[in-house]
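What follows is each chain in one-letter form.
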Amino acid sequence: MPSDLPPPDLLWNRWALFASALTALGVHDVYWCATDGAHHDDHGGNRSRLVLVDGGRAVLFGYDHEYSDTATATPPIDLLAGAPAWLPWPELLRWQADDQLGYVHWYDDGVWSRAPYPDDVSDGLVATARSVLDAERARLELVDVVFEWGEHERDDPAERDDVAGAATRLLAAAEARALDAGHLSGLLGRLPADAVDLTAALAVADAAGITPAAGTPPVVPAGTAVPDRRVRALSVNGHEDLVRAAMREEPERQRTEPEPCAELDALVGWVRGQAPAGDGRCTLLVAATDTSLATQRGPRPPLALTGETDWQGFRELSGLTRALRTAETHPEGGRWFFLRLTTTPEGYAVERRYDSWPDWYPSPRYDMHLGDLRTELDRRAPGYHPSWTPLLDPEVAWRTVPGDAG
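Scope of this entry: the structure provided in the associated data block. (Residues numbered from 1 in each chain as written. Predicted model: local features only at pLDDT ≥ 70, side-chain atom pairs only at ≥ 80, totals over all residues. Heavy atoms only, no water.)

### Points about the pairing of strand β6 (residues 103–108)
Phase 1 of the analysis: Of all six residues in β6, five are buried; the element is thus mostly enclosed.
Phase 2 of the analysis: As paired elements, strand β5 (residues 57–63) and β6 share five bridges and run antiparallel to each other. If you follow Gly 62 over to β6, its bridge partner there is Tyr 103.
Phase 3 of the analysis: Where β6 folds back onto strand β7 (residues 111–113) in an antiparallel hairpin, the turn is made up of two residues, including Asp 109, whose phi is positive at roughly 55°. (Buried < 20%, exposed > 50% of the residue type's maximum accessible area, 1.4 Å probe, protein only. Helix = DSSP H or I, 4+ residues; strand = E, 2+ residues; numbered from the N terminus. Pairing = 2+ DSSP bridges.)

Rendered as structure tokens:
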């Protein structure tokens with residue numbers, strides 16, 4: 001379906017300008033241009049790429065770890081459905097295989113297109129590429145080069161206005177591919193001379209094709225065929241839902257009851273001391289793997305888990321629970337995933353679940369990550385593998401889409 005984006009040469013020119021300006025300050029790995037296209041990486045899990053392709057074509061793609069809902073949607077969205085053969089398929093498929101492809105827009109014959117998905121599903125495009133998509137955002141990006149990256153000492157309204165004017169002129173020069181040292185100096189000359197390398201900045205601008213003496217920007221050869229590829233049949237959440245449903249139906253295998261231990265005594269004492277009425281009556285519901293721990297509020301929940309969470313108390317609980325889970329490791333049957341501990345003034349009762357999702361832990365929101373489940377089952381003897389073990393295979397979530405040789 002068509003998408004409304006600026007033409008790729010305008011995106012490229014802005015991208016190359018940001019790379020040039022930041023290079024002047026010694027920053028080479030946030031925006032940069034290379035023979036394989038333009039790159040942006042904020043080093044916070046968010047990336048975007050622009051690749052110019054032979055024949056006046058281009059592709060813009062990226063991923064934002066907070067805003068690319070397209071990468072985790074249920075049912076899965078195939079962002080490469082209907083994509084043309086000329087795309088840089090190997091790189092796109094690497095991103096897709098890592099669940100880090102949030103959007104793909106391709107440009108051909110004067111039109112941007114993308115795979116169909118609802119407009120209200122966030123794809124991360126604006127979050128990762130807004131500075132090249134919008135003239136005002138591009139200007140603000142250059143202002144940030146001065147005040148944020150360059151830590152300009154003078155910061156008052158008059159100076160802000162002057163920097164904004166210099167940024168506007170610099171953008172116009174880059175968009176006309178007429179950038180020179182004077183334009184860069186107009187923006188960056190106000191910073192200490194030993195902090196600015198205009199020669200390096202011009203070298204980047206020249207290689208990217210936005211100076212008068214430069215050649216054309218680098219383009220990559222067009223692909224010739226759509227390859228066979230793997231796409232998600234289940235999203236990550238959908239795969240976890242499948243396993244969770246199977247766990248709810250699973251019976252528990254017979255195991256020897258763990259012997260009482262100091263770690264259990266410590267947890268019992270902590271829970272009893274957290275009784276909401278101060279009478280020793282308290283119930284703890286916990287779900288745990290090697291890397292995660294979550295709780296639910298049952299009857300008479302611990303004080304630390306009522307109202308506004310007491311994070312110090314939660315850290316104490318986490319340490320005590322993990323210590324108990326380790327201490328109670330069964331040599332063949334592994335470790336439990338769920339624990340219900342009920343205390344009274346005189347005693348306690350404890351229930352463990354190693355194979356099943358108990359009805360007394362109802363939360364559908366707790367993500368028991370599949371990798372954690374696989375790690376746990378890998379240390380169990382085969383006879384203690386529940387029937388849902390095959391569902392943990394990553395291949396369960398993927399299917400193959402045949403390519404098109406053209």
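### With respect to the sheet that holds strand β11 (residues 338–343)
Phase 1 of the analysis: With antiparallel pairing, the four strands of this open sheet are ordered in space as β10-β9-β11-β12. A strand with exactly one partner marks an edge of an open sheet, and here the two such strands are β10 (293–296) and β12 (348–353). Each strand of the sheet is rotated relative to its neighbour by a mean of 20°, with strand direction disregarded.
Phase 2 of the analysis: Set on the sheet, helix α9 (residues 262–273) makes contact with β9 (282–288), β11 and β12; between it and β11 the angle comes to about 60°. (Axes fitted to C-alpha atoms, helices over the stretch in contact; angles between N-to-C directions. Contact = heavy atoms within 4.5 Å.)

### A look at the nonpolar core
Phase 1 of the analysis: Core analysis: the largest hydrophobic core is formed by 70 residues, its most contacted members being Leu 50, Leu 60, Val 104, Leu 142 and Leu 187.
Phase 2 of the analysis: At ten residues, helix α1 (residues 8–24) tops the list of elements feeding residues into this core.
Phase 3 of the analysis: Excluding its chain neighbours within four sequence positions, the residues that come into contact with Leu 187 are Leu 142, Val 146, Val 163, Ala 166, Ala 167 and Leu 170.
Phase 4 of the analysis: Ranked by size, the runner-up nonpolar core spans 22 residues in total, among them Cys 261, Val 271, Leu 293 and Leu 341. (Core = buried A, V, L, I, M, F, W, Y, C linked by side-chain atoms within 4.5 Å.)

### Considerations on the packing of aromatic side chains
The description of two aromatic rings rests on the distance between their centres and on the angle between their planes.
Phase 1 of the analysis: Inspection of the entire model under this criterion finds eight aromatic pairs.
Phase 2 of the analysis: With 5.8 Å between their ring centres and 75° between their planes, Trp 311 and Phe 314 make a pair best called edge-to-face. Of this pair, Trp 311 and Phe 314 are both found in helix α10 (residues 311–327), three residues apart, which corresponds to roughly one turn of the helix.
Phase 3 of the analysis: Owing to a relative accessible area of 54%, Trp 311 belongs among the exposed residues under this scheme.
Phase 4 of the analysis: Here the aromatic cluster, defined as three or more aromatic residues joined through ring pairs, consists of Trp 15, Phe 18 and Tyr 31.
Phase 5 of the analysis: In this structure, Arg 114 packs its charged tip against the face of Tyr 117, placed 3.8 Å from the ring centre. (Phe/Tyr/Trp six-rings, centres within 6.5 Å; stacked < 30°, edge-to-face > 60°. Lys NZ or Arg CZ within 6 Å of the ring centre and 35° of its normal.)

### Remarks on the pattern of salt bridges
Phase 1 of the analysis: Under the definition given, this model contains 30 salt bridges.
Phase 2 of the analysis: Residue Glu 91 pairs with Arg 49 through a salt bridge whose shortest N-O separation is 2.8 Å. In this pair, Glu 91 is assigned in helix α2 (residues 89–97) and Arg 49 in strand β4 (residues 47–53), connecting sequence segments 42 residues apart. For the pair formed by Glu 91 and Arg 49, the shared burial category is buried.
Phase 3 of the analysis: With a closest N to O distance of 2.7 Å, Arg 352 and Glu 328 form a salt bridge. Of the two residues, Arg 352 is situated in strand β12 and Glu 328 in the loop between α10 and β11; the sequence distance between them amounts to 24 residues.
Phase 4 of the analysis: Residue Arg 352 is classed as buried on the basis of its relative accessible area, which comes to 10%.
Phase 5 of the analysis: Looking at Glu 328, the relative accessible area reads 5%, which means it is buried. (Salt bridge = Lys/Arg side-chain N within 4 Å of Asp/Glu carboxyl O.)

### Some details on empty space enclosed by the protein
Phase 1 of the analysis: Evaluation of the coordinates by the stated rule reveals one cavity of 30 Å³ or more.
Phase 2 of the analysis: Counted as a void, the largest cavity has a volume near 50 Å³. (1 Å grid on protein atoms, 1.4 Å probe; cavity = no way out; pocket = protein on both sides within 12 Å on 5 of 7 lines; lining within 4 Å. Points joined across faces, edges and corners; volume = space filled by probe spheres on them.)

### Side note on the packing of α1 against helix α7 (residues 198–208)
Phase 1 of the analysis: Relative to each other, α1 and α7 sit at 160°, their axes nearing to 7 Å. When the interaxial angle is binned, α1 and α7 end up roughly antiparallel. Where α1 crosses over α7, the two elements pack in a sense that is right-handed. Contacts from Trp 12, Ala 16, Ala 19, Ser 20, Thr 23 and Ala 24 of α1 reach α7 at Ala 200, Ala 201, Leu 202, Val 204, Ala 205 and Ala 208.
Phase 2 of the analysis: Looking at the contact of α1 with α7, its residues break down into ten nonpolar, two polar and no charged. (Parallel < 35°, antiparallel > 145°, perpendicular 65-115°, else oblique. Left-handed = near helix turned anticlockwise from the far one by under 90°. Nonpolar A, V, L, I, M, F, W, Y, C, P; charged D, E, K, R; others polar.)

### Here's the deal with the side chain of Asp 41
Phase 1 of the analysis: If you trace the backbone, Asp 41 turns up in strand β3 (residues 37–41).
Phase 2 of the analysis: From its side chain, Asp 41 meets the backbone nitrogen of His 43 in a polar contact 2.7 Å long.
Phase 3 of the analysis: Setting aside chain neighbours within four positions, we find Asp 41 in contact with Asp 29, Val 30, Trp 32, Asn 46 and Arg 47. (Polar contact = N/O pair within 3.5 Å; in protein donor to acceptor, adjacent residues only side chain to side chain.)

This is a description of form; function is not addressed.
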